[in-house]
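Analysis of the macromolecular model
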Amino acid sequence: MSIRRNFYLADETLHHILRKGLQPDFLAYANEKLSDFGERVANEIDERARHTDREGAPSLVKFDRYGEDVSHVWVNEGYKATVKETYETGIVGYVHKEIPELGRKGSYLYSFAQGYILSQSEAGFYCPVTLTMATAFLLEHYADEELKDRFLPYVCATGDTELFEGATFLTERQGGSDVGANVVKAIRDGHHYRLYGEKYFASNAGMAGIAMVLARIEGAPEGSRGLTLFAVPCRQEDGSLNGISIRRLKDKLGVRAVPSGEVEFDGAVAYVMGDKTNGLKYMMEALNLSRICNAVASLGIMRRALNEATEYAQRRNAFGRKLVEFPMVQDSLGKLTAKMEVELVTVFDLIKLYDKVAANEASEEEVVLNRLFIAILKKETAEQAIHFAHEAIEMHGGNGYIEDFVTPRLLRDAQVLTVWEGTANILGMEIVRLVRKFNAHKLFVETMDSRLKDIPMSNLKPTVERVLKQLEEDLIIFAGLDERMQTFEAKNIAQKMAHVYESVIAIEMAEKMGARAVSLADVYLETTWNLRKMGDPMKTCDLYKRAFQ
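Residues numbered from 1 in each chain as written. Predicted model: local features only at pLDDT ≥ 70, side-chain atom pairs only at ≥ 80, totals over all residues. Heavy atoms only, no water.

Heads up, the condition is: UniProt positions are given in the numbering used here, feature names are shortened, and annotations may be inferred rather than shown by experiment.
Under an unreviewed UniProt entry, the name given to the protein chain is Acyl-CoA dehydrogenase family protein, and the organism recorded is Paenisporosarcina quisquiliarum. Quoted straight from UniProt, the Cofactor (unreviewed entry) entry for the protein chain says "FAD". Comment text from UniProt for the protein chain, heading Sequence similarities (unreviewed entry), reads "Belongs to the acyl-CoA dehydrogenase family."

Right under this line is the structure:
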């Protein structure tokens, strides 16, 4: 009998994050539920994910036997089981309603912990979960009471009622990331509107029960200011399509679990969400939530890649020794481990701030910092997910390129994370906006400097003080450039900011989490800032031995 794995039990750093962020009764509840979920994800859900990727990908049944357009998306039975099991954990619902055992709502911290575990097996399926989270966010914050009562309980279903998965349909063929170029139109029809036009890349097409859609009301101005957000039920009460059809499903490189399609609206009944003139603003708020989900999915792929690389190196013999006995292998695993642990804590540090922002308890400065942190960490984590998947394949050698192993899927799935929810170029433009409009660079430096001052002096602290000072000088120059030059420099400055943020987190970890964290921080700083000289001690090898032996 094979040993059942568990993606939660051995994750010391996640346990530390939850101990710091949850009240004792919530922590006890989370430990129990995440232990169960971590086992299911590592076994049954992981096996279903392999099947969906290789043999059971969603497919479109365009017409029924009478030739009627039914636009039905077929998914395999294992996928349906994963849908049921995942949503019943409250990964979406308990952000917005009470957990029965606790008598109070959950939090994004707990939801993202679930998402991080889920993504270690199925980053593709975490996309529909993300879209459902974004839909629930928009309904709770901007729907009127009638719409909220009509849809939110189903979007937040945890097995107590029928589930309506969500979707956010933004992208149009002529616009892409330039949402202001969208042309889907909305025509008033009594108390609601009807939509006409197409969305070119619509994820969770055919599976969603309700979609959040940007459209332009007749007579509205051109550009992003003329867009209104609509809630669009995908089916009518009798189960028939609500003026929505799917032209085709996209044949994607990876994340094949999520059906992404080209959707056409032909008189779809739609309901205005909030202020008609703030549609794009609302969707951008939901997009920031989705960007955190993207970072969490990246972390999941990073963790799985590291675990697979480590396990393989410990099993594989070469030249009369286990791979892990070679210093160069220990060096690779040590570097990956340091980056993984520091980045995990950094993203959940951001999530702590996001919980505050989502609860409307943050200051104006914290809201700006939240947007900035999201932009730099979404970019960094997505790029690292690809790097980790690459390293895992290389550790496996030729086996890493074979579909019998999970590593090819990790790389294929990771690649989309740099594109979903905004490419590095789009995120760079966000940083330019935040610097020009809100002086976000000053807030960043002040925040990092304040956190550094709260950390006692150690051997590691001077390095971080030095790189923060260098970054401050770069940011002053960056803020003084014209907009064209800022867009040229934005991605480079974003990476530096991410590295400084993580460096501050690293020495906070060293102060609070014991000897292992000191070693993690030391290796992180040495690797990130290129501090090691030829012949210096092999700290990465020592970290590997401390972490895995």
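1. Observations concerning the side chain of Lys252
Basically, it comes down to this: Here a strand is any run of E in DSSP of at least two residues, a helix any run of H or I of at least four, and the numbering for each starts at the N terminus. Working definition: with a 1.4 Å probe on protein chains only, accessible area under 20% of the residue-type maximum means buried, over 50% means exposed, and in between means partly exposed. By the counting rule applied here, Lys and Arg register as positive and Asp and Glu as negative, while His and the ends of each chain are not counted. Criterion for a salt bridge: a side-chain nitrogen of Lys or Arg within 4 Å of a carboxyl oxygen of Asp or Glu. N or O atoms closer than or at 3.5 Å make up a polar contact, with two conditions inside protein: a donor-capable atom paired with an acceptor-capable one, and, for residues adjacent in sequence, both atoms drawn from side chains. Any two residues whose heavy atoms approach within 4.5 Å are treated as being in contact.
Mapped onto the elements, Lys252 comes out in the loop between strand E10 (244–249) and strand E11 (260–272). One buried charged side chain, Lys252, makes no salt bridge at all; its nearest oppositely charged neighbour is Asp251, positioned 7.9 Å away. At 2.7 Å, the side chain of Lys252 and the backbone oxygen of Val258 are in polar contact. Beyond its immediate stretch of four places on either side in the chain, Lys252 contacts Phe201, Val258 and Ser260.

2. Here's the deal with the nonpolar core
Stated precisely, the cut-off is as follows: Among buried residues, those of type Ala, Val, Leu, Ile, Met, Phe, Trp, Tyr and Cys that are joined through side-chain atoms within 4.5 Å constitute a nonpolar core.
The biggest cluster of nonpolar side chains holds 188 residues, and the ones touching the most others in it are Phe112, Tyr126, Leu138, Leu195, Phe265, Ile376 and Phe444. Considering each element in turn, this core owes the most residues, 21 residues, to helix H4 (residues 108–142). Not counting chain neighbours up to four residues away, the residues in contact with Leu138 comprise Ala143, Met212, Leu229, Met273, Tyr282, Met283 and Ala286.

3. Thoughts on the pattern of salt bridges
Taken as a whole and judged by the stated rule, the model has 49 salt bridges. Taking the shortest distance from any N to any O, the salt bridge between Lys339 and Glu343 comes out at 3.2 Å. Taken together, the residues Lys339 and Glu343, both in helix H7 (residues 327–358) and four residues apart, mark about one turn of the helix. According to the relative accessible area criterion, Lys339 is buried, its value standing at 10%. A salt bridge links Glu383 to Lys379; the shortest N-O distance between them is 3.3 Å.

4. What to know about empty space enclosed by the protein
Spelled out, the test is: Each cavity reported here is a set of points on a 1 Å grid over the protein atoms alone in which a 1.4 Å probe fits but cannot get out, each pocket an open set with protein on both sides within 12 Å along at least five of seven lines, and each lining residue one with an atom within 4 Å of a point. Grid points are joined across faces, edges and corners, and a volume is the space filled by probe spheres set on the points.
In the structure shown here, the tally under the stated rule is four cavities of 30 Å³ or more. Here the largest cavity defines a volume of roughly 90 Å³. Forming the walls of the largest cavity are Ala123, Tyr126, Cys127, Thr130, Ser290, Cys293, Asn294, Ala297, Leu417, Trp420 and Glu421. For the lining of the largest cavity, the secondary structure elements donating two or more residues are H4 and helix H6 (279–315).

5. Focus on the layout of surface pockets
Basically, it comes down to this: Note on residue categories: nonpolar means Ala, Val, Leu, Ile, Met, Phe, Trp, Tyr, Cys or Pro, charged means Asp, Glu, Lys or Arg, and polar means any other residue, Gly included.
Of the voids in this model, the second largest pocket is the one considered here, and its volume is about 1100 Å³. Along the walls of the second largest pocket sit 39 residues, with Phe348, Asp349, Lys352, Leu353 and Asp355 positioned nearest its centre. Of all the secondary structure elements, the ones that give two or more residues to the lining of the second largest pocket are helix H1 (12–21), strand E4 (104–105), H4, H7, helix H8 (364–396), helix H11 (440–453) and helix H13 (483–512). A per-element tally of the lining of the second largest pocket places H7 first, with nine residues. By residue class, the composition of the lining of the second largest pocket is 18 nonpolar, eight polar and 13 charged.

6. Regarding the pairing of strand E8 (residues 208–217)
We apply this condition: Here, a strand pair is defined by DSSP locating no fewer than two bridges between the strands.
With 10 of 10 residues buried, E8 is to be regarded as a mostly interior element. Relative to E8, strand E5 (residues 165–169) runs parallel, the two being bridged by five bridges. Residue Glu165 lies in a different strand from E8, and its bridge partner there is Ala208. Two strands pair when backbone bridges link them, and strand E6 (residues 185–189) and E8 are joined in this way by two bridges, in the parallel orientation. Within E8, the position partnered with Lys185 by the bridge is Arg216. Of the pairings in the sheet, the one linking E8 to strand E9 (residues 227–233) comprises seven bridges and is antiparallel in character. If you follow Met212 over to E9, its bridge partner there is Ala231.

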